[in-house]
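Remarks on the overall topology
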Amino acid sequence: MKQQYIDPDDCRKEINMILLQLHVTGIFLVCGKSFLALSIHDLLHKSCACAGIKMVYFSDFAPNPTYDSVKAGVQAFRESGCNFILAAGGGSAIDVAKCIKLFAEMKCDEEYLSQKIVSNDIPMMAIPTTAGTGSEATQFAVIYVNGEKHSIEHESALPQYVLLYPDSLRTLGDYQKKATVCDALAHAIESYWSVHSTSEGKQWSEKAIQIILEYAEKYMMGDESCYGQMLLAANYAGRAINITKTTAAHAMCYKLTTVFNIPHGHAVMLCLPEVWEYMCRHLDACVDTRGEQYLCSTLMDLAHCLRQDSCQEAIQYLKNLRNVWQLGMPAKVEENQAAELANSVNTERLGNFPVSISREHLMDIYQCILQGEAVK
Ligand SMILES: [Zn+2]
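The notes below deal with the structure included here. (Residues numbered from 1 in each chain as written. Predicted model: local features only at pLDDT ≥ 70, side-chain atom pairs only at ≥ 80, totals over all residues. Heavy atoms only, no water.)

1. Quick look at the coordination of the zinc ion
Rule in force here: As a rule, N, O and S atoms within 2.8 Å of a metal are its donors, except that Na, K and Ca use 3.2 Å; water is not among the atoms, so sites may look incomplete. Think of it this way: with four donors and all angles in the 85 to 135 degree range, the site is tetrahedral; with four or six donors, opposite ones beyond 155 degrees and the rest between 65 and 115, it is square planar or octahedral; otherwise it is irregular. Each helix is a run of H or I in the DSSP string that is no shorter than four residues. Each strand is a run of E no shorter than two, and both are numbered from the N terminus. Summary of the burial criterion: residues with accessible area below 20% of their type's maximum are buried, those above 50% are exposed, and those between are partly exposed, where the area comes from a 1.4 Å probe applied to protein chains only.
Note on the zinc ion: its protein donors are Asp183 (OD), His187 (NE2), His250 (NE2) and His264 (NE2). The metal-donor distances range over 2.1 to 2.2 Å. Geometry at the zinc ion is irregular, judged from the four donor atoms that bind it and their angles of 85 to 173 degrees at the metal. Of note, the zinc ion draws all its donor residues from one chain, in the sequence arrangement D-x3-H-x62-H-x13-H. Residue histidine 187 is found in helix H5 (residues 174-193), and its partner histidine 250 is found in helix H8 (residues 248-260); the two are separated by 63 residues along the sequence. Judged by relative accessible area, histidine 187 falls into the buried class, the value being 4%. Residue histidine 250 is classed as buried on the basis of its relative accessible area, which comes to 1%.

As structure tokens, then:
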């Protein structure tokens, strides 16, 4: 499905046109509470008031949203009588909105997760307010069921309309900015080395990395003229993972979030250099059908994208970034926690990683992450 990207400079007119064309009578707005303080919310609110379109708000979900909060959202959507879903926020808000859309027309006397997803034509627009997840560009959603990560994938989860509105990044704090940039960077890098990589996906990754290298520092210094670029970088990286899916760093980071309460982008940055290091030491365990030589040259290309001369330098670059941004391991670690973490990793996601990793190796990598040591 093709997505329509709305011009931020002319968004009021374009959005009004879309709402009119689709005969929208009510917008179900899935958003975090901070969205209400943004100028784009004011603009939407005024437009809807002028057009006599009601807005129903749903914010009853937490970061790393649960299946139960999605269920409550589906019920609220049905009761609202709205015929348009607007997802505004970070990954959590957009993922909740995607699930509400996917489940909206399912039987409500059966668990949604055990029913087959069928496409529906409820229109959905996404307005990301962090430059990180790129969720507005993917057909995936992540929710948590009894504390376990659950991935949902369906083509009708891809929002038809996307607005990258630069001013939406205005309220982000420094830590959030760092963590979300790391998430976007990890998406671009993991997509590039994924066994499912394609030349189109690699181009999206390269563009995302280029923008991050060019603008991340200014962005962190508070330069507002970079907001639009950073939203684009996250979006491009999202497009890349929509083709390839993520790999080992993502597979390993989810449990760090649930066990240690580390935000997603920070958690993925704890794993990314270490899994790259592991890969370089185990190229002979390559499972990419294009072969070990191909993998070596892909990793070199990736190092060059990061403006480094070798994989070792690229890995060091990521570690330095992590140090400078103070995104180390924040929690105290208990013995045997590496084993617990290793056992929790979803092996399906590891299948996208170009070298095979056993449970023992996962444990070793976690040990290094937890202790801050180099991977063997
Ligand atoms: Zn991510």
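Here the narrative resumes.
2. Regarding the packing of aromatic side chains
Which entries qualify depends on this criterion: Each pair of aromatic rings taken from Phe, Tyr and Trp, with Trp reduced to its six-membered ring, is defined by centres within 6.5 Å and is described as stacked if the planes are under 30 degrees apart, edge-to-face if over 60, and tilted in the remaining cases.
Under the criterion given, the structure shown has ten aromatic pairs. With a centroid separation of 6.5 Å and 25 degrees between ring planes, the pair formed by phenylalanine 84 and tyrosine 161 is classed as stacked. With a gap of 77 residues between them, phenylalanine 84 in strand S4 (residues 84-89) and tyrosine 161 in strand S8 (residues 161-163) connect regions that are remote in the sequence. Across this residue pair, the class does not change: phenylalanine 84 and tyrosine 161 are buried.

3. Here's the deal with unusual backbone geometry
Although it is not a glycine, asparagine 64 sits at a positive phi angle of roughly 55 degrees. Along the polypeptide, asparagine 64 turns up in the loop between strand S3 (54-58) and helix H3 (67-80). The class of asparagine 64 is partly exposed, set by a relative accessible area of 33%. Even without being a glycine, lysine 245 presents a positive backbone phi close to 70 degrees. The exposure class of lysine 245 is partly exposed, given its relative accessible area of 23%.

4. With respect to H5
For the α-helix, the turn length of 3.6 residues means that residues three or four positions removed from each other point alike. Condition: Between the first and last residue of a helix there are one fewer steps than residues, each counted as 1.5 Å, and that sum is the expected span.
For H5, which comprises 20 residues, the first-to-last C-alpha distance of 29 Å matches the rise-based estimate of 28 Å (1.5 Å per residue) to within 8%. Judged by how many residues are buried, H5 sits mostly within the fold: 17 of 20 residues are covered.

5. Quick word on the side chain of asparagine 235
The criterion, for reference: Two residues qualify as a contact provided that any one of their heavy atoms is within 4.5 Å of a heavy atom in the partner residue.
Tracing the backbone shows asparagine 235 in helix H7 (residues 227-244). The class for asparagine 235 is buried, based on a relative accessible area of 0%. The residues contacting asparagine 235, other than those within four sequence positions of it, are Tyr5, Glu136, Ala137 and Leu164.

6. Section: the environment of aspartate 183
Tracing the sequence through the fold places aspartate 183 in helix H5. Separated by 67 residues in sequence, aspartate 183 and histidine 250 place their C-alpha atoms 9.3 Å apart. Not counting chain neighbours up to four residues away, the residues in contact with aspartate 183 comprise Gly132, Thr133, His250, His264, Gly265 and Val268.

7. Looking at the sheet that holds strand S5 (residues 124-128)
The following threshold applies: Paired strands, in this sense, are two strands between which DSSP finds at least two bridges. Between the N-to-C directions of two axes lies an angle of 0 to 180 degrees, each axis being a line fitted to C-alpha atoms and, for a helix, fitted only over the stretch in contact.
If you trace the six strands from one edge of the open sheet to the other, you get S1-S8-S5-S4-S2-S3, paired in parallel fashion. The two strands at the open ends of the sheet, each matched to only one other strand, are strand S1 (4-6) and S3. If you compare each strand with its neighbour and ignore which way they point, the axes differ by 20 degrees on average. With two bridges joining them, S5 and S8 adopt parallel strand pairing. In the sheet register, methionine 125 faces S8, and the bridge partner there is tyrosine 161. Of the strands in this sheet, strand S2 (26-31), S3 and S4 touch H3, which is tilted by about 165 degrees from S3. With respect to the sheet, helix H4 (residues 91-103) is in contact with S2, S3, S4 and S5, its orientation differing from that of S4 by roughly 160 degrees.

These results come straight from atomic positions and should not be treated as a statement about function.
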